[in-house]
Amino acid sequence: MGSSETRQLPLEGLKVLELGQLIAGPFATKMLGEFGADVIKIEPPGSGDPLRKWRLIEDGTSLWWHVQTRNKRSVALDLRSEEGQALVRQLACEADVVVENFRPGTLDHWGLGWSALSALNPRLIMVHISGYGQTGPYRDKPGFGVIGEAMGGLRYLTGQPDEPSVRVGVSIGDSLSALYAVIGTLLALQERQRSGLGQEIDVALYESVFAMMESLLPEYDASGEIRQPSGSALPGITPSNAYPCLGGDYVLIAGNGDSIFKRLMGVIGRDDLANDPALAHNDGRSQQADRIDAAIQAWSEQHPREEILEALDNARVPVGYPYTAADIASDPHYLAREMIQSFTRPNGKPLKVPGVLPRLSATPGRLGNGGPALGQHTEEVLDELGIDQQTRNKLRQAGIIQEVP
């Protein structure tokens, strides 16, 4: 990945204006920046993006910030002021893409909505990320990722049967929406090659989650079946579950392929199940999931985790265990594929961060540096716009911009 710094990146020359905060919008622009886009992040003077103060803080800045905001330029600018709005319109005239995740209608109120900006720059692509989308009866409701996960159907399925649902341990609704935003941006750029015109992209958090819900809707429509939470099992796909090991650990075993199932049964000494015609295919196995899980557990709980992993690896049966952050940081496969990267922070300390995805063979993405200081690039960007020093002084004195010396 390091060699990407010396070659042209696929999105080099693309200018992206980020009007948003926290997770979904900034995650999308992070990906664009990793592949060469010039991302200008607008932050409110004084406070900046709230993500700067989320999760674990060191030297006054979130460690998450150094992942979410790498390869971006920070401009501290008050979007609520007329002068700040005028500067954003200037930036939008030069931008290829605007990504925003305000509540629908907010930018229109500031004169920064699609109709205003596209009139100034017909080639502009504008990406909206919101809880419920730009239309519909819920349009004006506030929506965070966890609400989108609930409405999209994911939250109902997470957890144990007959217990309160639990959330996924990361902001998966926001991250999925960011991925759809990036896909939409790339599609719109391809269309702009043909037509010369930009367009709007409307991403809703709940829809991004709902799109991941596999056969949940057609199963309900055809049979009235409402998929239920199932803990660590995967109903209808057997065997695929978490099994206890000797010593209190767990392993995850996915033996649901027909030939894999036979090999798994051979390892655990259950040739009777391996050769049972009723269990030859997944539909038959799923009708006897409890019986199969009980047989696997009776074997697994007699062996330590490492012994199980070795035995099933040797038999070519998919097996693993729940990784912690410590497991990830020391895993040889992560390291070999350069998914654990490191950079030096302004305080001189190294920090490990996730590598760049997706992997491109000829033009891989860049790691870059950590997140910028608030307003670190305000002066630089205003220079590019041709804003004179007298005007800049007035903006600074009025609190409309913030610069870092």
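Data block above holds the structure.
Since this is a predicted model, take the numbers as computed values, not measurements. (Residues numbered from 1 in each chain as written. Predicted model: local features only at pLDDT ≥ 70, side-chain atom pairs only at ≥ 80, totals over all residues. Heavy atoms only, no water.)

A. Structural context of the overall build of the chain. Within the chain one finds 19 helices and 14 strands. Referenced to the eigenvectors of the C-alpha coordinate spread, the extents of the chain come out at roughly 85 × 50 × 40 Å. Counting all 405 residues of the chain, 45% fall into the buried class. Counting only carbon and sulfur atoms, one obtains 53% of the accessible surface of the chain, whose full area is about 20,400 Å². Charge-centre separation for the chain: the mean point of 37 positive side chains lies 4 Å from the mean point of 51 negative side chains. (Helix = DSSP H or I, 4+ residues; strand = E, 2+ residues; numbered from the N terminus. Buried < 20%, exposed > 50% of the residue type's maximum accessible area, 1.4 Å probe, protein only. Areas by Shrake-Rupley, 256 points an atom, 1.4 Å probe, with all protein chains shown as cover. Lys, Arg positive; Asp, Glu negative; His and termini not counted. Charge placed at Lys NZ, Arg CZ, Asp CG, Glu CD.)

B. Molecular detail of the sheet that holds strand 14 (residues 401-402). Strand order in the open sheet formed by seven strands is 8-7-6-1-2-5-14, and the pairing between neighbours is mixed. The open sheet has two edge strands with one neighbour each: strand 8 (200-204) and strand 14. Pairing analysis gives five bridges linking strand 1 (residues 15-19) to strand 2 (residues 38-43), with the strands arranged parallel. Its bridge partner being in strand 2, Val16 is matched across the sheet by Val39. (Pairing = 2+ DSSP bridges.)

C. A look at the environment of Trp114. Note on placement: Trp114 falls in helix 5 (residues 114-120). Between the C-alpha atoms of Trp114 and His128, which are 14 residues apart in sequence, the distance is 9.6 Å. Excluding residues within four positions of it along the chain, Trp114 makes contact with Asp108, Ala119, Leu124, Met126, His128, Gly198, Gln199 and Glu200. (Contact = heavy atoms within 4.5 Å.)

D. Representation of the packing of aromatic side chains within the structure. In this structure the tally under the stated criterion is six aromatic pairs. With 6.3 Å between their ring centres and 35° between their planes, Tyr132 and Tyr206 make a pair best called tilted. Taken together, the residues span a long stretch of sequence, with Tyr132 in the loop between strand 7 (125-130) and helix 6 (145-151) and Tyr206 in helix 9 (residues 205-210) at a distance of 74 residues. Put simply, the rings of Tyr132, Tyr138 and Tyr206 touch in pairs and so form one group of aromatic residues. Over the face of the ring belonging to Tyr138 we find Lys141, whose NZ or CZ atom lies 4.7 Å from the ring centre. (Phe/Tyr/Trp six-rings, centres within 6.5 Å; stacked < 30°, edge-to-face > 60°. Lys NZ or Arg CZ within 6 Å of the ring centre and 35° of its normal.)

E. Examining the sheet that holds strand 11 (residues 319-320) more closely. With antiparallel pairing, three strands are arranged side by side in an open sheet as 9-10-11. Among the strands making up the open sheet, the edge pair consists of strand 9 (240-244) and strand 11. For strand 10 (residues 250-254) and strand 11, the ladder comprises two bridges, and the chain directions are antiparallel. Pairing of Ile253 across the sheet is with Val319, part of strand 11. Sitting on the sheet, helix 14 (residues 289-300) touches strand 9 and strand 10, and the angle it makes with strand 9 is about 35°. (Axes fitted to C-alpha atoms, helices over the stretch in contact; angles between N-to-C directions.)

F. Examining the side chain of Ser62 more closely. Tracing the backbone shows Ser62 in strand 4 (residues 61-62). You can call Ser62 buried: its relative accessible area is 0%. Not counting chain neighbours up to four residues away, the residues in contact with Ser62 comprise Leu51, Arg52, Lys53, Trp54, Leu56 and Ile57.

G. Examining the nonpolar core more closely. Formed by 27 residues in total, the largest nonpolar core has its most connected members in Leu17, Leu19, Ile42, Leu77, Leu79 and Leu87. Mapped onto this core, the elements with two or more residues apiece are strand 1, strand 2, strand 5 (72-77), helix 3 (82-94) and helix 18 (378-385). Take this core: its biggest share by element is four residues, from helix 3. When residues no more than four places from it in sequence are discounted, the contact partners of Leu17 are Ile40, Ile42, Val88, Leu91, Ala92, Ala95, Val97, Val98 and Val99. Membership of the second largest hydrophobic core comes to 24 residues, among which are Leu11, Ala24, Val97 and Val203. (Core = buried A, V, L, I, M, F, W, Y, C linked by side-chain atoms within 4.5 Å.)

H. Structural context of the pairing of strand 13 (residues 350-354). A one-sided burial pattern is seen for strand 13, the buried positions being Leu351 and Val353 and the unburied ones Pro350, Lys352 and Pro354. With five bridges connecting them, strand 12 (residues 340-344) and strand 13 associate as antiparallel partners. Bridged to Ile340 within strand 13 is Pro354.

I. Molecular detail of a nonpolar patch on the surface. There is a patch of nonpolar side chains on the surface, built from Tyr156, Phe210, Leu217, Tyr220 and Ile226 and spanning about 520 Å² of accessible area. Within the element layout of this structure, Leu217 appears in helix 10 (residues 216-223). The class of Leu217 is partly exposed, set by a relative accessible area of 45%. (Patch = residues over 30% accessible without salt bridge, like charges linked within 9 Å, V, L, I, M, F, W, Y side chains within 5 Å. Salt bridge = Lys/Arg side-chain N within 4 Å of Asp/Glu carboxyl O.)

J. Up close: unusual backbone geometry. The step from Thr238 to Pro239 runs through a cis peptide bond, and the omega angle for that step is -5°. Structurally, Pro239 can be placed in the loop between helix 10 and strand 9. The peptide bond linking Leu357 to Pro358 adopts the cis configuration, its omega dihedral lying at -5°. Among the secondary structure elements, Pro358 is positioned in the loop between strand 13 and helix 18. Positive phi, close to 60°, is recorded for Arg316, a residue that is not glycine.

K. Examining the packing of helix 1 (residues 24-34) against helix 8 (residues 172-195) more closely. Relative orientation of the contacting elements helix 1 and helix 8 amounts to 50°, with a least axis distance of 8 Å. As judged from the angle between their axes, helix 1 and helix 8 are oblique. Here helix 1 and helix 8 pass one another in a crossing that is right-handed. Residue-level inspection shows Ala24, Phe27, Ala28, Met31 and Leu32 of helix 1 in contact with helix 8, the latter providing Asp174, Ser175, Ala178, Leu179, Ala181, Val182 and Thr185. Residue composition of the contact of helix 1 with helix 8, grouped by class: nine nonpolar, two polar and one charged. (Parallel < 35°, antiparallel > 145°, perpendicular 65-115°, else oblique. Left-handed = near helix turned anticlockwise from the far one by under 90°. Nonpolar A, V, L, I, M, F, W, Y, C, P; charged D, E, K, R; others polar.)

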